[in-house]
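# Residue-level structure breakdown
What follows is the residue order along each chain.
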Amino acid sequence: MKEVKAKKFLGQHFLTDENIAKRIVDSLQTKSKVLEIGAGMGVLTKYLIPTTEDFKIVEIDSESVDYLNVNFKQLNSKIIEGDFLKISLNELFNNEHFSLIGNFPYNISNLILFRVFENKFLIDEVVGMFQKEVADRVVAKEGSKTYGILSVLLSAFYNMEYLFTVSNQVFSPPPKVQSAVIRLQRNNVIDLGVKEEYFVRVVKTAFNQRRKMLRQSLKPLQMSLENVEERFLTLRPEQISKDDFILLTKQIYNV
Ligand code: SAH
């Protein structure tokens, strides 16, 4: 077996614990069409191949791609050498829905999650390992200090669960921080009842100044707040639930 040296700038921290690898793969419930991001040396891949119907990988590192092609002959045309953030997701499975799995490169965690949000009508489920701090933030509920933009936006379309914590000692090289596995499952929301663009704008604007009350932090929207309930105006964004953010957006944009 060829030695592949982990490249830190690609967020490469290879998982070395087979039980955890199995547990991650077992956490994925819908396995008909599955995309793995960043397969590295295939620690998850080997459990995904026999349990999925239609399986693909997107991996940015050519050395890892070579390694996977040599060691997993059955993959042949299923590896896309490229950047998850740039490839066309529609074409992957001919416009069909799919699940996403991976020990995600930590340097682009937020970008991956925003891309999931943008592709919520294509991505039904996500099981992913993140830096624990990111995982905590994503699943956080209102009232928590870590509750933020991604928690609100994603919870509008996904049910989210914190599954388990993973020690940094089971990676080579070990990252500085702990990791955690979370699962996102698509809820049945198709339409928020308000333009999604407005909802995103309100959430982002409010959290942009997260210490301030909404009366102040929503000013950059340059919208009148006269139809907004008084109770919202003295709150800070972290005190507002996803449903109230939707309501607030409706009140601001009068829909
Ligand atoms: N799944 C493997 C590797 C995890 S490390 C394991 O658990 O051991 C993260 C992997 O993501 C690396 O293989 C890295 O090359 C790959 N990667 C980094 N940025 C990427 C991107 N933008 N698109 C696809 N893969 C990426």
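Residues numbered from 1 in each chain as written. Predicted model: local features only at pLDDT ≥ 70, side-chain atom pairs only at ≥ 80, totals over all residues. Heavy atoms only, no water.

As a further point, take the overall build of the protein. Looking only at helices and strands, the protein has ten helices and nine strands in total. The C-alpha radius of gyration of the protein comes to 20 Å, within 12% of the 18 Å expected for a compact globule of 255 residues. Per-residue burial for the protein yields a buried fraction of 52% across its 255 residues. Taking as baseline every contact in the protein between residues at least 6 positions apart, the subset at least 24 positions apart corresponds to 66%. (Helix = DSSP H or I, 4+ residues; strand = E, 2+ residues; numbered from the N terminus. Rg over C-alpha atoms; globule rule 2.2 N^0.38 Å. Buried < 20%, exposed > 50% of the residue type's maximum accessible area, 1.4 Å probe, protein only. Contact = heavy atoms within 4.5 Å.)

Pairs can form between side chains of opposite charge whenever their charged atoms are close. For the structure on display, the rule yields 13 salt bridges. Between aspartate 61 and lysine 7 there is a salt bridge, and its shortest N-O distance comes to 2.6 Å. You can see aspartate 61 sitting in the loop between β3 (54-59) and α3 (62-71) and its partner lysine 7 sitting in the segment before β1 (14-15), a full 54 residues away along the chain. Grouping residues by exposure puts aspartate 61 and lysine 7 together as buried. Across the salt bridge formed by glutamate 161 and arginine 183, the nearest N and O atoms sit 3.0 Å from each other. Taken together, the positions of glutamate 161 in strand β7 (residues 158-166) and arginine 183 in strand β9 (residues 179-186) put the pair 22 residues apart, joining distant regions of the chain. Accessibility expressed as a relative area gives 34% for glutamate 161, which makes it partly exposed. In this structure arginine 183 comes out as buried when scored by relative accessible area, which is 10%. Each of Lys7, Asp61 and Glu63 takes part in salt bridges that share partners, so that together they form one network. (Salt bridge = Lys/Arg side-chain N within 4 Å of Asp/Glu carboxyl O.)

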